[in-house]
Amino acid sequence: MSDRDAIIRVEEVSKRYGKVTAVDRVTLEIPRGEFFALLGPSGCGKTTLLRMLAGFEMPSEGKIFIDGIDMSTIPPNKRPVNMVFQSYAVFPHMTVFENVAYGLKFDNVAKADQYGRVMAALADVKLDHLAERKPDQMSGGQRQRVALARALVKKPKVLLLDEPLSALDAKLREAMRFELAELQDKVGITFVMVTHDQDEALAMAGRCAVMDRGKLMQTATPSNLYEFPANKFVADFIGSVNLFEGTLEVDEPDHAIVQSEELGGRIFFDHGVSGAGGEKMWVGIRPEKIELLKREEGAAPPTPEDAPSGCNVTAGTVRQISYLGSESIYEIDLINGRRMQVSRPNLSRWDQEDFTWDDQVWLRWHGDSPVLLQS
Amino acid sequence: MAKKVARAPLDYLNMPAMKAWLAGVFVFLYTPLMILILFSFNDSKANVVWKGFTLKWYFKAFENTQLREALFNSLLIAGVCTVISVVLGALMAFVFWRFKFPFKGPLESGMNLPIVVPEICFGVAVYLFFARIGFPNDLPYPFNLTQIILAHVTFAFPFVAIVVRARLESFNPELEAAALDLGASRFQAFRDVIIPHMKPGLIAGGLLAFTLSLDDFVITFFASGPGTITFPVMVYSMVRFSVTPEVNAASTIIILITVLATVLALRAQSATTKES
């Protein structure tokens, strides 16, 4: 990515409050026109980073560039960014129209043009019919739309969203995900969203940055974060994962083998893991990438039919089942006592009846499925 | 023995004994005021026996130049005191809400001092203070009221500060951030977002300052120079000679003014709180 394409460049930015380091030497580029998510558990520094982009906090070290301009000395009211706050922060004493028009007062927009721009922004968020309402007569979802229109009407270079969906109920949240993504597509403005909800980030963002304890862990597309996590934290934070400690035994260009006491055996990779290095490693396997097969009582080892070449197979017993409708999640106890999670889509209406408590099973996954991780 | 009936908290108001008690409290509180108002219409010089309805005491009170002057002085003092107290109180509340500085805790507690210090001590202190600095006693009207106004502001503005401070606690800081984010300067954000939020507190505090100033006797007594008289002081001096229904009439007017002010303020307040 060249400099020209980055609307936001964060260079070696740290933020310290006394002895606490909220953001620790983060370097990041956000391309123009992208829906970008800052993702991480609470206290990871993502909100601090967002507030530094808006100008409410100043970096202790490092620099932030927005559209190529150093923001070090620029206060929030002079930055080409606007924010949708977590509480929406809609002004309670103004009507919807007045709320949206408020920011235009400072942009030298002619009075005659104001009306049209406000109404167009309200139409973008489907609120043009409620322009004369007061915020206390509106639902949370509608107030959020006011906050969106109020920020977008200023035509910012970047729109910042602080936990935009956290205050909405589940159904509305799902609908808003699509709507926000569509809105971003329509207006073409770069969106930067902060969220602790990985589903939200994966569903909406084109690219995500995962943060933990002030540090940037990985920046990637949602599918790369999920399928190619850079480390144990990312693998664990994004989705569910079975993690096993192990040591790298064979490290060839076309395959690798990890010995894991926790799993009670060796894990085969059908690809090279070169550059992984290090003695102690972690192997991560996603629950949906594991197949469940019926096993004869006490049968071990697996027949060649159960374990075709290039596959890993291990034995276990079904202990817990969470039936979630579209899928079921099985908690399987391995022979050495370790518990493993397997999810299985209920493709037909009777699939959930295939396995029940205390069933003896083979767990099988392809050599392509596990990922080798550093802690 | 009668069976015990389980009651929800609000059910207690349905007990006859409780109702009687409640009525008793109201009678105790309001009978003196009712009698005062009733006898202002009594066609007799003595405040003892009802002789018939008349408005003559009201006319008489209005014809009493001194009383009229005193009433006007009181309203003028209360008005000016309210304006100054609201501005000072609001600024103080804002400073304590917004900023951190050394000795903030003691200073904030000290803000309540004028409220807890006995009025008589405050009055003496004010008297001594003005005497000590040699505050001119012979200013032309209405500037000869300055001492009383200053004294009233000193004890009234902490009330405003406390009310506004409490109101600011419910302010969502993201509102101010949003104004800044949309391009407002710090001052514009204060004017457009923080002051509207403070408004109910400003009105309630202002009303408090107004009524406190209007009916203050002790401190005014010490702060007033020769030739400056306020309504409560005037009433006191009239009562010392004889309690005539004229005093009743004048007092009824004051009650009317304060009740009216309260109603207006409450209305304004409920209108603004509905918004937020």
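Positions within a chain are numbered from 1, following the residues in the order the chain's sequence is written. Whichever chain is written first is A, and whichever ligand is written first is 1; the rest continue in order. Only residues with pLDDT of 70 or above have their local features reported here, since the model is predicted, and side-chain atom pairs are shown and tallied only from 80 upward, although totals for entire chains, interfaces and linings are computed over all residues. Excluding hydrogens and water, the side-chain values take into account all heavy atoms of the structure.

**Structural notes on the overall build of chain B**
Note the cut-off: Working definition: helices are DSSP H or I runs of at least four residues, strands are E runs of at least two. Numbering for both runs from the N terminus. For this measure, only C-alpha atoms enter the radius of gyration; the expected value for a globule follows 2.2 Å times N^0.38, where N is the number of residues. Here, residues are in contact when the closest pair of their heavy atoms is within 4.5 Å. Only the protein chains shown count as cover for residues, with accessible areas throughout obtained via the Shrake-Rupley method and a probe of 1.4 Å. Counted charges follow a simple rule, with Lys and Arg positive, Asp and Glu negative, and His plus the chain ends left uncounted. Charge positions are represented by NZ for Lys, CZ for Arg, CG for Asp and CD for Glu.
In terms of regular secondary structure, chain B is built from twelve helices and zero strands. In chain B, the succession of α and β elements from N to C terminus is α-α-α-α-α-α-α-α-α-α-α-α. Taken over C-alpha atoms, the radius of gyration comes to 24 Å for chain B, far larger than the 19 Å a tight globule of 276 residues would show. Long-range pairs, those at least 24 residues apart, make up 72% of the contacts in chain B with a sequence separation of at least 6. As displayed, chain B offers around 16000 Å² of accessible surface, 73% of which is attributable to carbon and sulfur atoms. Between the centroid of the 21 positive side chains of chain B and the centroid of its 16 negative side chains there is a distance of 8 Å.

**Considering the pairing of strand β11 (residues 242-251) of chain A**
To keep it simple, the criterion reads: The criterion for strand pairing is that DSSP finds at least two bridges linking the strands in question.
In terms of strand pairing, β11 of chain A meets strand β14 (residues 280-285) of chain A through six bridges, oriented antiparallel. Within β14 of chain A, the residue paired with Leu243 of chain A across the bridge is Gly284 of chain A.

**What to know about the interface of chain A and chain B**
This is how the line gets drawn: In this description, buried area is defined as the sum, over both parts, of the accessible area (probe of 1.4 Å) that is lost when the two are combined. Salt bridges are counted wherever a side-chain nitrogen of Lys or Arg sits within 4 Å of a carboxyl oxygen of Asp or Glu. Pairs of N or O atoms are called polar contacts if they sit within 3.5 Å, as long as, within protein, a hydrogen donor faces a hydrogen acceptor (for residues adjacent in sequence, only side-chain-to-side-chain pairs). Basically, the charged four are Asp, Glu, Lys and Arg, the nonpolar ten are Ala, Val, Leu, Ile, Met, Phe, Trp, Tyr, Cys and Pro, and anything else, Gly included, counts as polar.
With 26 residues of chain A at the contact, the number on the chain B side is 19 residues. Summed over both partners, the interface of chain A with chain B comes to about 1900 Å²; 58% of that surface belongs to carbon and sulfur atoms. Taken together, chain A and chain B are joined by one salt bridge. A salt bridge links Lys105 of chain A to Asp192 of chain B, with the shortest nitrogen-to-oxygen separation between them at 3.8 Å. Viewed at the interface, chain B and chain A are joined by eight residue pairs in polar contact (both at pLDDT 80 or more). Each residue belonging to the side of chain A that touches chain B can be placed in one class, and the counts come to 14 nonpolar, six polar and six charged.

**Here we look at the sheet that holds strand β3 (residues 35-39) of chain A**
All names here are of chain A. Put simply, the rule reads: Between the N-to-C directions of two axes lies an angle of 0 to 180 degrees, each axis being a line fitted to C-alpha atoms and, for a helix, fitted only over the stretch in contact.
The six strands lie next to each other as β6-β7-β8-β3-β9-β10, forming an open sheet whose pairing is mixed. In this open sheet, the two strands that pair with only one neighbour each are β6 (81-84) and β10 (215-220). Taken pair by pair, the neighbouring strands of this sheet meet at an average axis angle of 20°, ignoring direction. Bridge analysis of strand β9 (residues 207-212) against β10 gives five bridges, and the strand direction is antiparallel.

**Description of the nonpolar core**
This is how the line gets drawn: For the purposes of this section, nonpolar cores are sets of buried Ala, Val, Leu, Ile, Met, Phe, Trp, Tyr and Cys residues that join through side-chain atoms within 4.5 Å. Burial classification: accessible surface area is computed with a 1.4 Å probe over protein chains only, and a residue below 20% of its type maximum counts as buried, one above 50% as exposed, and the rest as partly exposed.
If you look at the biggest cluster of nonpolar residues, it comprises 75 residues, and the most contacted ones within it are Ile8, Leu28, Leu38, Leu49, Phe91, Leu160 and Val192 of chain A. With eleven residues, the top contributor of residues to this core is helix α7 (residues 146-168) of chain B. Of all hydrophobic cores here, the second largest spans 48 residues; its members include Leu130, Ala147, Leu148 and Met204 of chain A.

**Considering the sheet that holds strand β19 (residues 360-366) of chain A**
Residues and elements named next belong to chain A. The antiparallel open sheet is built from five strands, whose spatial order is β15-β19-β16-β17-β18. Where the open sheet ends on each side, the last strands, each with one partner, are β15 (291-294) and β18 (339-345). Here the strands of the sheet are splayed against their neighbours by 45° on average, with no regard to which way each runs. Alignment of strand β16 (residues 311-323) against β19, held across seven bridges, turns out to be antiparallel. From the neighbouring strand, Val313 faces β19, where its bridge partner is Arg364.

**Examining unusual backbone geometry**
Here the amide bond leading from Tyr141 of chain B into Pro142 of chain B is cis, since omega sits at 0°, within 30 degrees of zero. As for its position among the elements, Pro142 of chain B is in the loop between α6 (119-132) and α7. One non-glycine residue, Asn108 of chain A, lies in the positive phi region at around 55°. Its location among the elements puts Asn108 of chain A in the loop between α2 (96-102) and α3 (111-124).

**Concerning the environment of Leu130 of chain A**
Residues and elements named next belong to chain A. Inspection of the secondary structure puts Leu130 in the loop between α3 and α4 (140-152). Note: C-alpha distance between Leu130 and Leu152 (22 residues apart in sequence) is 17 Å. Sequence-distant contacts of Leu130, defined by excluding residues within four places in its chain, comprise Val96, Met138 and Gln142.

**Digging into the environment of Pro245 of chain B**
Structurally, Pro245 of chain B is set in helix α12 (residues 245-275). Ignoring any residue separated from it by four or fewer positions in sequence, one finds Pro245 of chain B in contact with Phe39, Ser40, Ser44, Lys45, Asn47 and Trp57 of chain B.

**Concerning the pattern of salt bridges**
Residues and elements named next belong to chain A. Following the criterion strictly, the structure yields 31 salt bridges over all chains and no others. A salt bridge links Glu34 to Arg207; the nearest nitrogen and oxygen atoms lie 3.1 Å apart. Taken together, the residues span a long stretch of sequence, with Glu34 in the loop between β2 (20-31) and β3 and Arg207 in strand β9 at a distance of 173 residues. The exposure class of Glu34 is buried, given its relative accessible area of 16%. Note on Arg207: relative accessible area 18%, which makes it buried. Here Asp70 makes a salt bridge to Lys63, at a shortest N to O gap of 3.7 Å. The exposure class assigned to Asp70 is partly exposed, which follows from its relative accessible area of 26%.

**As for the packing of aromatic side chains**
As a reminder, the rule being used: A pair of Phe, Tyr and Trp rings is counted when the ring centres sit within 6.5 Å of each other, with Trp represented by its six-membered ring. The angle between the planes then sorts it: under 30 degrees is stacked, over 60 is edge-to-face, the rest tilted. Lysine and arginine charges are scored as sitting over a ring when NZ or CZ, respectively, is within 6 Å of the ring centre and within 35 degrees of the ring normal.
By the definition in use, this model includes 22 aromatic pairs over all chains. On the basis of an interplanar angle of 50° and a centroid distance of 5.9 Å, the ring pair of Phe94 of chain B and Trp97 of chain B is categorised as tilted. Placement of the pair is Phe94 of chain B and Trp97 of chain B together in helix α3 (residues 65-98), with a separation of three residues, close to one helical turn. One aromatic cluster is present, formed by Phe94, Trp97, Phe99, Phe171 and Phe190 of chain B through successive ring pairs. Positioned above the aromatic ring of Phe91 of chain A is the side chain of Arg150 of chain A, whose terminal nitrogen or guanidinium carbon lies 4.6 Å from the ring centre. A cation sits over an aromatic face here: Arg286 of chain A above Tyr226 of chain A, 4.0 Å from the ring centre.

**Quick notes on the confidence of the model for chain B**
Segments scoring low in pLDDT should not have their predicted coordinates read at a detailed level. Residue and element names in this part refer to chain B. The cut-off we apply is this: Scored from 0 to 100, pLDDT records how confident the predictor is in each individual residue.
In the predicted model, chain B carries a mean pLDDT of 87, and 95% of its residues have values of at least 70. Within chain B, the element-level pLDDT minimum falls on α12, averaging 77, and the maximum on helix α8 (residues 173-181), averaging 96. Interface predicted TM-score (ipTM) for the complex: 0.84; the corresponding pTM is 0.81.

**Examining the packing of α6 of chain B against α7 of chain B**
Residue and element names in this part refer to chain B. To be explicit about the condition: Roughly parallel means an angle under 35 degrees; roughly antiparallel, over 145; roughly perpendicular, 65 to 115; everything else is oblique. Each crossing is labelled by how the near helix is turned from the far one, with a counterclockwise turn of less than a right angle marking it left-handed and a clockwise turn marking it right-handed.
α7 packs onto α6 with a crossing angle of 135° between their chain directions and a minimal axis gap of 11 Å. By the angle class used here, α6 and α7 are oblique. Relative to α7, α6 is oriented so that their crossing is right-handed. Packed against α6, whose contacting residues are Phe122, Val126 and Phe130, the element α7 presents Gln147, Leu150, Ala151, Thr154 and Phe155 at the interface.

**Side note on helix α2 (residues 56-63) of chain B**
All names here are of chain B. The condition is simple: Our arc is simply the arc of the directions from the helix axis toward the C-beta atoms.
Considered for burial, the residues of α2 that qualify are Trp57, Tyr58 and Ala61. Along the long axis of α2, the arc covered by the buried residues comes to 105°, so they all point the same way. The exposed residues of α2 that point more than 90 degrees off its buried face are Phe59 and Glu63.

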